[in-house]
Amino acid sequence: MLKPKVLEAINNQINAEYYSAFLYLSMSAYFYNKGLPGFANWMYIQYQEELTHGNKFFAYIHERGCKAEIKAIEQVETGFENILEVWEKVLAHEQKVTALINNIMDIAIKESDHATISFLKWFVDEQVEEEANVTEVLDTLKLINGQGNGLFMLDREMRQRTFVDQTQAAE
Ligand code: FEO
């Protein structure tokens, strides 16, 4: 069984992961509408990844003999100013998620919940990767000024991304 504070934090994280999924689905729609199918593909795969993150927390709660509480997902942003703004928002959002994961880790440490500490390590590593990936795209976008041939090439590159369920690959 999970201690109440750990359970509450993980339940909140399920909601945060599904919120992330919806946010990226909304960004995917923005890019499809802008005529950037590669960016849209990247965001759609990110949406799928976030669902698997939420599912991983969901499964863990039940593995530990508790019950997940499914709460309403807050409305995500649907209107964006420009391409760069979207990616800046992705980075800011991932930094926020990293802080949330670190907070759960702090709670698990305080509660001496070694199993949860071990479980959370996957997410700690995942956040490092997510922030690095987004920073790379953001840096490239700034280099090419978010337009022209560079943008076309970057969009083509992002079309190559395919979905792999990392939560399963890691087990
Ligand atoms: Fe599930 Fe992008 O953090």
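Throughout this description, residue numbers start from 1 for each chain and increase along the sequence as written. Reporting in this predicted model follows two pLDDT cut-offs: at least 70 for local features of residues, and 80 or more for side-chain atom pairs to be given and counted; totals over whole chains, interfaces and linings ignore these cut-offs and use all residues. Note: side-chain values were computed over all heavy atoms of the structure, leaving out hydrogens and water.

Participant: Explain the packing of helix H1 (residues 4–34) against helix H2 (residues 37–63) to me, and be specific about the residues and the numbers.
Facilitator: It is at 8 Å that the axes of H1 and H2 come closest, and there the two elements cross at 165°. Between H1 and H2, the crossing angle belongs to the class labelled roughly antiparallel. You can see that H1 and H2 cross each other, and the crossing is left-handed. Each residue gets one label: Ala, Val, Leu, Ile, Met, Phe, Trp, Tyr, Cys and Pro are nonpolar, Asp, Glu, Lys and Arg are charged, and the others, such as Gly, are polar. Considering only residue class, the contact of H1 with H2 consists of 21 nonpolar, nine polar and two charged. The axes used here are C-alpha line fits, helices contributing only the stretch in contact, and every angle between their N-to-C directions lies in the interval 0 to 180 degrees. Strands here mean DSSP runs of E at least two residues long; helices mean DSSP runs of H or I at least four residues long; both are numbered from the N terminus. An angle counts as roughly parallel when it lies under 35 degrees, as roughly antiparallel when it exceeds 145, as roughly perpendicular when it falls between 65 and 115, and as oblique in every other case. By definition, any crossing whose near helix is turned counterclockwise from its far helix by less than a right angle is left-handed, and any crossing with a clockwise turn is right-handed.

Participant: How would you summarise the nonpolar core if you had to cite specific residues and measurements?
Facilitator: Phe31, Phe39, Met43 and Trp87 are the most contacted members of the largest nonpolar core, which totals 27 residues. Broken down by secondary-structure element, the contributors of at least two residues to this core are H1, H2, helix H3 (83–110), helix H4 (114–143) and helix H5 (148–158). When residues in this core are grouped by element, the largest group, seven residues, is from H1. Each residue touching Trp87, except ones within four places of it in the same chain, is listed here: Phe31, Phe39, Trp42, Met43, Val134, Val137, Leu138, Leu141 and Met158. As used here, the term nonpolar core means buried Ala, Val, Leu, Ile, Met, Phe, Trp, Tyr and Cys residues forming a set that is joined through side-chain atoms within 4.5 Å. Relative accessibility under 20% of the residue-type maximum defines a buried residue, over 50% an exposed one, and the middle range a partly exposed one, all with a 1.4 Å probe and only protein chains included. Counting 22 residues, the second largest nonpolar core, distinct from the first, contains Ile14, Tyr18, Phe57 and Met105. Residue contacts are counted whenever heavy atoms from the two residues lie within 4.5 Å of one another.

Participant: Any chance you could break down the side chain of Asn11 for me, citing the residues and the numbers?
Facilitator: When you line up the elements, Asn11 lands in helix H1. Look at Asn11 and you get buried, because its relative accessible area is 4%. With residues up to four places along the chain from it excluded, the contact list for Asn11 reads Ile61, Lys67, Ala68, Glu69 and Lys71.

Participant: If you had to explain the pattern of salt bridges to someone new, which residues and values would you point to?
Facilitator: Opposite charge on two side chains permits them to pair, given that their charged atoms come into close proximity. By definition, a salt bridge exists where a carboxyl oxygen of Asp or Glu is found within 4 Å of a side-chain nitrogen of Lys or Arg. One pass over the full model with this rule turns up five salt bridges. Here Asp113 and Arg64 are joined by a salt bridge, their closest N and O atoms 3.3 Å apart. Here Asp113 is found in the loop between H3 and H4, whereas its partner Arg64 is found in the loop between H2 and H3, with 49 residues between them in sequence. Taking relative accessible area as the criterion, Asp113 reaches 8% and is therefore assigned buried. A salt bridge links Lys67 to Glu69; the nearest nitrogen and oxygen atoms lie 3.4 Å apart. With a relative accessible area of 54%, Lys67 lands in the exposed category. For Glu69, a relative accessible area of 40% corresponds to the partly exposed category. Through salt bridges with shared partners, a single ionic network connects Glu77, Glu85 and Lys89.

Participant: Which residues make up the packing of aromatic side chains, and what values go with them?
Facilitator: The relation between two aromatic rings is expressed through the spacing of the ring centres and the mutual angle of the planes. Any pair of Phe, Tyr and Trp rings, taking the six-membered ring for Trp, is counted once the centres come within 6.5 Å. Such a pair is stacked with planes under 30 degrees apart, edge-to-face with planes over 60 apart, and tilted for the rest. Taken as a whole and assessed by the stated rule, the structure comprises twelve aromatic pairs. Judged by centre distance (5.1 Å) and plane angle (55°), the ring pair of Tyr44 and Tyr47 falls under tilted. Note that Tyr44 and Tyr47 are positioned in helix H2 at a spacing of three residues, about one turn of the helix. Judged by relative accessible area, Tyr44 falls into the partly exposed class, the value being 36%. By relative accessible area, which is 16% here, Tyr47 ends up buried.

Participant: Help me get a handle on the environment of Glu49, residues and values and all.
Facilitator: For Glu49, the position within the fold is in helix H2. Residues Glu49 and Asp106 lie 57 residues apart in sequence; the distance between their C-alpha atoms is 24 Å. Leaving out residues up to four positions away in the same chain, Glu49 has contacts with Glu126, Glu130, Arg161, Phe163, Val164 and Gln166.

Participant: If you had to explain unusual backbone geometry to someone new, which residues and values would you point to?
Facilitator: Despite not being glycine, Ser112 shows a phi value in the positive range, around 55°. Among the structural elements, Ser112 can be located in the loop between H3 and H4.

Participant: Could you give an account of the layout of surface pockets, naming the residues involved and the relevant values?
Facilitator: A 1.4 Å probe that fits but cannot get out identifies a cavity on a 1 Å grid over protein atoms alone, an open set with protein on both sides within 12 Å along at least five of seven lines counts as a pocket, and a residue lines either if it has an atom within 4 Å of a point. Grid points are joined across faces, edges and corners, and a volume is the space filled by probe spheres set on the points. Size it by volume and the largest pocket reaches roughly 340 Å³. Lining the largest pocket are 18 residues, and of these Trp42, Asn133, Glu136, Val137 and Arg161 lie nearest its centre. At the level of secondary structure, the elements contributing two or more residues to the lining of the largest pocket comprise H2, H4 and H5. Looking at which element gives the most residues to the lining of the largest pocket, the answer is H4, with seven residues. Here the lining of the largest pocket is composed, by residue class, of six nonpolar, five polar and seven charged. Computed from the structure, the second largest pocket encloses a volume of approximately 150 Å³. Looking at the lining of the second largest pocket, the elements with two or more residues in it are H1 and H3. Of the residues that constitute the lining of the second largest pocket, the class distribution is four nonpolar, three polar and two charged.

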